[in-house]
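# Fold and geometry: a report
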Amino acid sequence: MQHSTKTPLSDDLKRLIGQPVAAIDTPAPVVDLDAMQRNLARMAEFARKHEIRWRAHAKMHKSSAIARLQMQAGAVGVCVQKTAEAEAMAAGGVTDIYISNEVVAPAKLARVADLAHRLATEGGQLAIAVDSHEGVARLANAMADRRRTGEAAVIDVFIEIDVGQGRCGVAPGRAAVDLAQDIRKHPALRFAGLQAYHGRAQHLRGAQERREAIARAVQDVVFTRNLLRQEGIEVPLVTGAGTGSMVCEAASGVYGELQSGSFLFMDADYAANEHDPAQPHFEHALFVKSQVMSSGLLHAVCDAGHKSHAIDSGLPKVLTREPTGELDYANGGDEHGILRPARGNQRVPRLDETVWLIPGHCDPTVNLHNHLIGVAGGLEHGRVDKIIRVDARGALT
Ligand SMILES: Cc1ncc(COP(=O)(O)O)c(C=O)c1O
């Protein structure tokens, strides 16, 4: 089934545009649009300086409107993880899409082939990752089925090699050569290069640890690329990298495309990484606005629990504001957060006070919401500028 979430904007949401931040009901996911734009500009500048392409990962924001903004800023297109995410991006006007993940179910591959042909007619391009001969055969079949109807689109195919995460991907070396030879037998498939994404390296806390992990990934890529060259197969592009390690891939001289996604919103987990001096300064841009609904002598309770933000990568941090000062957030369950002053000489927040949470992990937090509320002019004194539809929300297939 095709994904087509077009959640209509409620009248309440429409009326919010132009209103001060105080008018936003809680709990609510809020994007600081100024911080987001600064992150976007820093990413674009970083890629320009390093003469590297960037293909922002849309699994993070799941919004075709944000994807289009990223492309206006210089991204060559978007990555997605799921067929349904690709469909949602295409429905929102994005025409250059890479499914940076394996798809093997024939019913899904029929949708992939359908989308490849649709994008081709719009002057766009679809790409996908593979890591098995069976996957190549099924993709080729799906594309051939569409070709029989007279359409002749070609899908770009990246071979994923496992460079240390232990997730998808063939082992670096010979297995990739065999797959590339296989891909080249099918007229509707074009060997586009190698996907070498090291997910685990993103969250290694030390900058040196990340550098070492990506240095090993680079060795794997070079080894595989040399074997391919010996067989007369050129590797047009090596793609990979996330927000945590992108400075390493960018400096490698081997990767040609960065897939970072989280840099745009920057969650609390990424902020816990040791900063690499080569990394642009990315600011938190996604917050959950919440309100204190109960206040006692030693603690207060806000109205945002883990139905408002994901906690797989840790609990949210509380944005420090005066006069409350630094607050610790403890898990109060689905609908509550427990707030305590981080230091003894600070006061407990009072009833009605606004508390801004910085989610531990932005991707699954966004996926909890149909819309994000975009604020311009800052969280303190800004106004609601736009409502951003999360049009790939729940696009899991
Ligand atoms: C294949 C792939 N590329 C890129 C990314 C983007 O990483 P980040 O959001 O950490 O920048 C991810 C995230 O999980 C991913 O799975």
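What you see is a predicted model, and the numbers here were worked out from it, not measured in a lab.

Scoring rules and cut-offs
- Residues numbered from 1 in each chain as written.
- Predicted model: local features only at pLDDT ≥ 70, side-chain atom pairs only at ≥ 80, totals over all residues.
- Heavy atoms only, no water.
- Axes fitted to C-alpha atoms, helices over the stretch in contact; angles between N-to-C directions.
- Helix = DSSP H or I, 4+ residues; strand = E, 2+ residues; numbered from the N terminus.
- Parallel < 35°, antiparallel > 145°, perpendicular 65-115°, else oblique.
- Left-handed = near helix turned anticlockwise from the far one by under 90°.
- Contact = heavy atoms within 4.5 Å.
- Disulfide = S-S within 2.5 Å.
- Buried < 20%, exposed > 50% of the residue type's maximum accessible area, 1.4 Å probe, protein only.
- Near = heavy atom within 4 Å.
- Polar contact = N/O pair within 3.5 Å; in protein donor to acceptor, adjacent residues only side chain to side chain.
- Areas by Shrake-Rupley, 256 points an atom, 1.4 Å probe, with all protein chains shown as cover.
- Nonpolar A, V, L, I, M, F, W, Y, C, P; charged D, E, K, R; others polar.

## Some words on the packing of helix 4 (residues 83-91) against helix 5 (residues 106-121)
Packed helices, taken two at a time, are described by their axes: the angle between them and the distance between them. Here helix 4 crosses helix 5 at 25 degrees, and the two axes come no closer than 10 Å. Between helix 4 and helix 5, the angle falls in the class roughly parallel. As for how helix 4 packs across helix 5, the hand of that crossing is left-handed. Counted together, Thr83, Ala84, Ala86, Glu87 and Ala90 of helix 4 and Lys108, Arg111, Val112, Leu115 and Leu119 of helix 5 form the full contact between these two elements.

## Here we look at the side chain of His117
Counting through the fold element by element, His117 comes out in helix 5. With residues up to four places along the chain from it excluded, the contact list for His117 reads Met143, Arg146, Arg147, Glu151, Ala152 and Ala153.

## Comments concerning the packing of helix 7 (residues 174-183) against helix 8 (residues 207-230)
One can describe the packing of helix 7 onto helix 8 by two numbers: an axis separation of 9 Å at closest approach and a directional angle of 45 degrees. When the axis of helix 7 is compared with that of helix 8, the two are oblique. When the axes of helix 7 and helix 8 are compared, the crossing they make is right-handed. Of the residues in helix 8, those touching helix 7 at Arg174, Ala176, Val177 and Ala180 are Thr224, Leu227 and Leu228.

## As for the state of the cysteines
Within the structure shown, the criterion is met by zero disulfides. Summary of cysteine pairing: Cys79 is not part of a disulfide, and the nearest cysteine sulfur, belonging to Cys168, is at 14 Å. Using a relative accessible area of 0% as the deciding quantity, one classes Cys79 as buried. With no disulfide of its own, Cys362 lies 15 Å from the sulfur of Cys79, the closest cysteine sulfur. When its relative accessible area of 1% is taken as the criterion, Cys362 is described as buried.

## Observations regarding the site of the ligand
As a matter of local geometry, the ligand sits amid 15 residues, with Thr243, Gln259, Gly261, Ser262 and Tyr270 nearest to it. The contact in question runs from an oxygen atom of the ligand to an N or O atom on the side chain of Thr243, over 2.6 Å. Within the contact set of the ligand, an oxygen atom lies 2.8 Å away from a backbone nitrogen or oxygen of Gly261. Burial of the ligand by the surrounding chains reaches 94%, relative to a free accessible area of 390 Å². Taken together, the residues that form the shell around the ligand break down as three nonpolar, ten polar and two charged.

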